[in-house]
Amino acid sequence: MAEFRTQMEGKRPASDDIILSCHQKKSRSLSQKLSDKARSKTRVNIGLAFERWRSLRAAKEFKTDEDLAFFLLDCYEKGPVGPPSDHEEHKGEDTDESTMSASEVQGLLERADWTSEGRSASGGETESVQEDDDSSDEDCAPFIHIGLDGATAEWPNVENLPVITADEMVHDLPAEVIPPVAETVLPEPLKVQCEEDIVGARASIIYEESLRQLALSVTLPVRHCPYTEDGVVCDCGPPFEVIITTRSTASIAEWVCYHGHTVWKWSSQPTMKFGMQAGDFMLATNILLSGNNYAKVAILFEFMNMGIVNPNTFSKIQDAYCVDTIKEFCVERGATADFEAFQNHIPTYASKGFSYAPPVYEARVLLASLDYNYHQNRPPRLTADGKIMHKRLYKKNAKRWNVYTMKTPKTYGYIPELQARIVKKRLSSDTGMPIRRSLRPDDPRRLDLSPTSHC
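Here's a quick rundown of the structure. Remember, predicted model here, so these are calculated numbers, not experimental data.

## Focus on the overall build of the protein
Assigned secondary structure in the protein consists of 13 helices and twelve strands. Contacts spanning at least 24 positions in sequence make up 67% of the contacts within the protein whose residues lie at least 6 apart. When the accessible surface of the protein is totalled, it reaches about 28500 Å², and 54% of it is carbon and sulfur.

Here is the structure:
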C-alpha cells in the first residue's frame, strides 16, 4: 500500500486516481486546457451514482473527492475491519473514521462504463481533450467513465461481469437481523411432592374481585392460543378473557381465547397425588386435629361465603389417613395412660352434642390426651415485674370463687409432626380415596347387622 500511495501522490497514473468532472461552458487559456488534458486521463464520470457519491462524501465529512476515493479503495482492498491507511490517518480531525462495506464499493465501481474513455475496446489509449470541462465538483451529473493504466492487457467483457443485485446496490447498511422469539411455555400447576411442600406453608383468604383485578392486570407472555387440533394451531391472540371460578376451598383463574380455548389455568392451591387439592386435604385434617367438628366449621365458612371441602370427602380423609396415624403417634409417645386426670379436657375434642363413629371418637380422645400431656407442665405467666399471674373462676354449684394460676399459651408443638405423617401417608398411597365409604375392619358396628348411620 505504501508503494501504491507513493505512485498516487507522484506520477498519478491514469487509473489510480478517481475524480469527478462536470460540463460547464467557459473560456479557458491554453495552459488550462493542457492541464485539463493531462487530468482527463484520470478523470471519472460516475453518472447516476453521482448523488450517492456526494451524499456519502457529506456523511463521511470528507473535504475532497480524492479523500473519498482513497477511503473507498482502502475499504475495497482491506475490508471494513482493516486498519486505516496512512492517507486516512493524516486527513485531519474533521474526517469520519467509519468504513463502507465492500459490497457498496464493488457496486459503485462495477456500474462504470469501461469503454467510454481512457482506453478503447481494443486496448489502445484515447487522448481526447475536453476543452470545455471544468474541475469543479458542483452541480453536475455527467456520464460515467473509468480509466485503467497501461498494466491492463485487455479490457473486461461487460457481459461476463458479475451481476450486482438490488440489495447490494441500494442498501448502505447491512440488514438488521431479528433473532427469532422463542415461544414462552406457561408454568404447570404447583404439585405437592413431599410433606415439607405443604406442612407449615402460609395461607390466606382471597376475595374474588381482588383476584380478578390482579388477573386482568396480567398480560400472558404468549403470542397466540396454544390450542391445536389435527395439527392446526389456534390463531387467536391477546387480550384473552379471564374467568374466575371456585372449587371447594380454591379459586381458579382461567384465561380463554375468542374461540373458547383455555390458554392457561391458575389455581390458588397446589394439588396432591391423584388431583386432591392441598387446601381441602389440610382443612379436613386440621378440623380433626384441632378438636372442631365439620358442622360448626361449615357454618363459619357459609357465613364467610367461602367454599369448603365436601362432607363425604372430609369423612373419607379422616378414615383413610388420620385415624390410624393418630393411634400410631400416641402409642409412640405413651399418651394412652391415665385418662382420669383429663376427663374435663375430653369435651374440647369430642363435644357431647355430636355423635361420632367409634374410630373417629377414639382418635379424638387420643388427641385430647396428647394436648393434655404436652401442655400440663407449662410454666406460669409472669407480670412485667416478675410476679405470677392468677385468675378467678366462679363455681355455681359451690357458690364461691376459685383462684387459678395462669399458664403460658399452648404451643401445640406436636401438630406439625402429626400433620407431616398424615400428608406422607397420602403421598405414599398407591390408590386414591375409595368412592364409597365403608366400615373399618375394627369398627364395632360390624357386629350389628341392622342398618346404622355414622359420621
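## Notes on helix α13 (residues 415-427)
For α13, with 13 residues, the first-to-last C-alpha span of 18 Å sits near the 18 Å given by 1.5 Å per residue. Looking at α13, one finds that the buried residues are I415, L418, Q419, I422, V423, R426 and L427. Residues of α13 that are buried make contact with α9 (278-289), α11 (311-333) and α12 (358-375).

## Considerations on a nonpolar patch on the surface
On the surface, I205, Y207, L300, M304 and M306 cluster together to form a nonpolar patch covering roughly 490 Å² of accessible area. Here L300 lies in helix α10 (residues 294-303).

## Digging into the environment of I422
Position of I422 relative to the elements: it lies in helix α13. Spatially, the C-alpha atom of I422 lies 8.7 Å from that of E195, the residues being 227 residues apart in sequence. Setting aside its immediate chain neighbours within four residues, I422 contacts F281, T285, L289, Y321, C322 and T325.

## A closer look at the pairing of strand β9 (residues 250-256)
Of all seven residues in β9, seven are buried, a share of seventy percent or more. Going residue by residue along β9, you find A250, I252, E254 and V256 tucked away on one face and S251, A253 and W255 tucked away on the opposite face as well. Across seven bridges, strand β8 (residues 241-247) lies against β9 in antiparallel orientation. Looking at the pairing, T246 lines up with S251 of β9. The hairpin turn running from β8 into β9, its antiparallel successor, is two residues long, and S248 in that turn takes a positive phi close to 55 degrees.

## Regarding the packing of aromatic side chains
Applying the stated criterion to the full structure yields seven aromatic pairs. Ring geometry for F62 versus F71: centroids 5.3 Å apart, planes at 50 degrees, classification tilted. In this structure F62 comes out as buried when scored by relative accessible area, which is 5%. A relative accessible area of 0% means that F71 is categorised as buried. The ring of W401 carries the charged tip of R392 above its face, separated from the ring centre by 4.3 Å.

## Concerning unusual backbone geometry
In this model, P238 is joined to P239 through a cis peptide bond whose omega is 5 degrees. Although it is not a glycine, N305 sits at a positive phi angle of roughly 60 degrees. Note on placement: N305 falls in the loop between α10 and α11. With a relative accessible area of 74%, N305 lands in the exposed category.

## What to know about the pattern of salt bridges
Counted by the stated rule, this structure contains ten salt bridges. Salt-bridge contacts for R212 lead to E209; the nearest nitrogen and oxygen are separated by 3.6 Å. Highlighted residues: R212 and E209, both in helix α8 (residues 208-217), separated by three residues, approximately one helical turn. Residue classification places R212 among the partly exposed residues on the basis of a relative accessible area of 22%. Ionic pairing is found between E332 and R421, a salt bridge with its closest N-O pair at 2.8 Å. Highlighted residues: E332 in helix α11 and R421 in helix α13, separated in sequence by 89 residues. Residue E332 is classed as exposed on the basis of its relative accessible area, which comes to 55%. Three or more residues are tied together by salt bridges with common partners; here these are E332, R333, E417 and R421.

## With respect to the nonpolar core
Among the nonpolar cores identified, the biggest contains 44 residues, and M272, F281, I326, L367 and V423 are the most heavily contacted of them. Aside from chain neighbours lying at most four places away, what touches I326 is L288, L289, A363, L366, L367 and L418.

Thresholds, definitions, all that
- Residues numbered from 1 in each chain as written.
- Predicted model: local features only at pLDDT ≥ 70, side-chain atom pairs only at ≥ 80, totals over all residues.
- Heavy atoms only, no water.
- Helix = DSSP H or I, 4+ residues; strand = E, 2+ residues; numbered from the N terminus.
- Contact = heavy atoms within 4.5 Å.
- Areas by Shrake-Rupley, 256 points an atom, 1.4 Å probe, with all protein chains shown as cover.
- Expected span 1.5 Å × (residues − 1).
- Buried < 20%, exposed > 50% of the residue type's maximum accessible area, 1.4 Å probe, protein only.
- Patch = residues over 30% accessible without salt bridge, like charges linked within 9 Å, V, L, I, M, F, W, Y side chains within 5 Å.
- Salt bridge = Lys/Arg side-chain N within 4 Å of Asp/Glu carboxyl O.
- Pairing = 2+ DSSP bridges.
- Phe/Tyr/Trp six-rings, centres within 6.5 Å; stacked < 30°, edge-to-face > 60°.
- Lys NZ or Arg CZ within 6 Å of the ring centre and 35° of its normal.
- Core = buried A, V, L, I, M, F, W, Y, C linked by side-chain atoms within 4.5 Å.

Interpretation note: all reported values are geometric properties and have no functional meaning in isolation.
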